[in-house]
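Each chain is listed here by its residues.
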Amino acid sequence: MNDFSRFLRIGGLLSVILLGLPFESTSKTPRTVLPGISYEEAVAQIEAFNLDSALVLLDQVILELEASGELQSDFGTQVRLKRAEALEKADQDEAAIQQLLAVDLDSRTRKQWAAYTNAQLSLARLHEKHERPEHCYKALQHAQIAIKDHQLDSLYPRFSIRMSSYHRIFGQPETALFYAKEVIRTAPDFGQTEFLGNGHMLTAMLLKDQYFEISAQHYLKAADIFKSLNNYIGHSAMLCNLASLYKDHQQLDLALKYSDAYRKAKDEMSQKGITDFWMLSSYYEIRSEIMSAMQRYDSAHYYLLLAFESRLKLIEEENRAQVVAIEAEFHDQQKAEKIRDQAEMLRNESVKRRLGIGIALLSLIFTGILLFFYLKLRDANKKMRQQAVLIGQKNLDLGRNLEKQIMLQGEIHHRVKNNLQVIISLLDLQREEIQDPKTLDRLESMSNRIYSMAAVHEMLYSKEGAETISFPAYTQQLCEHFSQIAPEGQTPVFNLDMDAPPLNLETLMPLGIIMNELMTNSLKYGTIPNHQLEIHIYLQPCADGFCLEYRDNGPGFPIGTMGERDGGLGSYLLKSMVRQLNGQLTTHNDNGAVHKIFFKEKNQRELSHEFISDTNSRG
């Protein structure tokens, strides 16, 4: 064991430098305690190194805070940090790390940045103790960031102590010296006198090999600071460090001087009731080494025997303290168990009470929701019944109106058909009085055109309430009509191949006029003597409309396509009706005249648009 480590353990400062300083609390939360047990008592037990008793006291405080829901408060976090410190000093490092990690998580969540930083610095100290440089440095970085981001300047001296210790142990003495001097520079700004003493002690440790005189000055300053704080153990440890330092550099008079100074300090400690057999045995060892170096071997042997006796007393004292601590721990555990049972009972009662209140509230809410939806449903059903009555009445009215409309529509078609038949009859009577062939021909064409319109109304009337007509059936009726009016011996043969759904009146009327004109032309221009006239009519759906093909086996068009025929009315009507259907007409010869018409069924929107356009053009 080297001298420095020995004297750190003598003075209890191993917990200050290697095990760390007590963290500085920034919490102002009142310290709520159990009856007869206080947080201050636990802190006092830690300072006296009665760690088992301290842990029992802290566990009881934590149980009470947990029962009152204050464990996550600033004071609760402070208590848990103090418990981690006690665990660490009791060499229960893994438990201490677990406690610190829990504090780290909670304090970050609740933004308790001072507690978070202290937890990181304590974790760094533990990782340093177990020689985990990467984990240690990572915790120090987290602490440094928190200090900078949240202006925790009062924690910078403690951070500097940890950084100095880290770099001293892991081989960067220059950086360690820088941070030790940072402690000396900044600790006075926050009144952290104990940190200042440790800064001087760190500086002395780092300079003792190369600049032992400067090192001695820092040990002296540390000793004075600890003495002013009534830290008798720290003051005595610095005097032992000075005696060891001068002994190592062969300045035996000064070594003997500070050894005597320690003996005087020891007497003062005895008057205060402070006895540390480990420190005393170490002092005797150093005194023996000084006497040996001065060749006073009898004295050296004498002090060596005293050191041995002090070690034996230390062992006896430790055993006695351990027995007392075990008994105290047993009694404290009994108290803690009783308190824990009471706290558990209180928690259970609280949970039951809250559960009962919650169930009652849920029942009220559920009942309210049911009542609300019941009232809404009742109102909705009432409205639905009223609406059902209204809808039924309206349906009856609509049914009556529909019947009237069907009757009126049928009556209109019947009257239109009758009027057209009257016109046809008048034209037939007029033909009997006319001898001019051209005039007769024109009257006949006019009669056929009127018939094509009358046939539509007749079919609509025959199918009561119908709004569409089968185009093949309508075409068949036209064919029969033209077969009847054809000259004797010139009756044409009709071949129909039609596949189309029923069409509305607006589409069928132009188609009827078109078919009338085409059949009239075939009878007039397609007849060849001694040759049977054949007419073929095809209708198939195509694209988004219909394709109508009409052909006969007559001589065909004189010029290959349909001309204007000197401005004939038939040609004009044919093209006009194709335009009404938004269609296209093409003609050519192929063993007779061929007409191909593409058209679309007309709908109400197109009819309205045509009506508006026609009205605007007339206006």
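Residues numbered from 1 in each chain as written. Predicted model: local features only at pLDDT ≥ 70, side-chain atom pairs only at ≥ 80, totals over all residues. Heavy atoms only, no water.

Draft legend 1. Here's a closer look at the packing of helix 11 (residues 193-207) against helix 12 (residues 212-228). Running from N to C, helix 11 and helix 12 point in directions that differ by 160°, and their axes come no closer than 8 Å. With respect to helix 12, the axis of helix 11 lies roughly antiparallel. For the pair helix 11 and helix 12, the sense of crossing is left-handed. Where helix 11 approaches helix 12, its residues Thr 193, Glu 194, Leu 196, Gly 197, Asn 198, His 200, Met 201, Thr 203, Ala 204, Met 205 and Leu 207 are matched on the opposing element by Phe 212, Ile 214, Ser 215, His 218, Tyr 219, Lys 221, Ala 222, Ile 225 and Phe 226. (Axes fitted to C-alpha atoms, helices over the stretch in contact; angles between N-to-C directions. Helix = DSSP H or I, 4+ residues; strand = E, 2+ residues; numbered from the N terminus. Parallel < 35°, antiparallel > 145°, perpendicular 65-115°, else oblique. Left-handed = near helix turned anticlockwise from the far one by under 90°. Contact = heavy atoms within 4.5 Å.)

Draft legend 2. Looking closely at the side chain of Ser 215. Locating Ser 215 in the fold gives a position in helix 12. Judged by relative accessible area, Ser 215 falls into the buried class, the value being 0%. From its side chain, Ser 215 meets the backbone oxygen of Ala 204 in a polar contact 2.6 Å long. (Buried < 20%, exposed > 50% of the residue type's maximum accessible area, 1.4 Å probe, protein only. Polar contact = N/O pair within 3.5 Å; in protein donor to acceptor, adjacent residues only side chain to side chain.)

Draft legend 3. The arrangement of the packing of helix 7 (residues 113-129) against helix 8 (residues 133-149) in detail. Contact geometry for helix 7 and helix 8: axes closest at 8 Å, N-to-C directions at 160°. Classified by the angle their axes make, helix 7 and helix 8 are roughly antiparallel. Like other packed secondary-structure pairs, helix 7 and helix 8 cross with a definite hand, here left-handed. Facing Tyr 116, Thr 117, Gln 120, Leu 121, Leu 123, Ala 124, His 127 and Glu 128 of helix 7, the residues of helix 8 in contact are His 135, Cys 136, Ala 139, Leu 140, His 142, Ala 143, Ala 146 and Ile 147. Taken together, the residues that form the contact of helix 7 with helix 8 break down as 10 nonpolar, five polar and one charged. (Nonpolar A, V, L, I, M, F, W, Y, C, P; charged D, E, K, R; others polar.)

Draft legend 4. Region of interest: the sheet that holds strand 5 (residues 545-552). Strand order across the open sheet formed by five strands is 2-4-5-7-6, with mixed pairing between neighbours. Whereas interior strands pair on both sides, the edge strands pair on one side only; in this sheet they are strand 2 (493-498) and strand 6 (584-589). Averaged over neighbouring strand pairs, the angle between their axes works out to 10° when direction is ignored. Across the sheet, helix 18 (residues 471-485) lies against strand 2, strand 4 (534-542) and strand 5, angled at about 175° from strand 2, the strand it touches most. Sheet strands in contact with helix 20 (residues 569-580) are strand 6 and strand 7 (593-599), and its direction is about 140° off that of strand 6. (Pairing = 2+ DSSP bridges.)

Draft legend 5. Region of the structure containing the packing of aromatic side chains. The tally for this structure, following the rule as stated, stands at 14 aromatic pairs. Judged by centre distance (5.8 Å) and plane angle (10°), the ring pair of Tyr 246 and Tyr 258 falls under stacked. One end of the pair, Tyr 246, is in helix 13 (residues 232-248); the other, Tyr 258, is in helix 14 (residues 252-271), with 12 residues separating them in the sequence. Residue classification places Tyr 258 among the buried residues on the basis of a relative accessible area of 10%. (Phe/Tyr/Trp six-rings, centres within 6.5 Å; stacked < 30°, edge-to-face > 60°.)

Draft legend 6. Examining the pairing of strand 4 more closely. Taken together, the six bridges between strand 2 and strand 4 define a ladder with parallel strand orientation. Paired with Met 498 across the two strands is Leu 539, which belongs to strand 4. One ladder, built from eight bridges, connects strand 4 with strand 5; its direction is antiparallel. Its bridge partner being in strand 5, Leu 539 is matched across the sheet by Leu 548. In this antiparallel pair of consecutive strands, strand 4 and strand 5, the connection spans two residues, and Ala 543 shows a positive phi of 50°.

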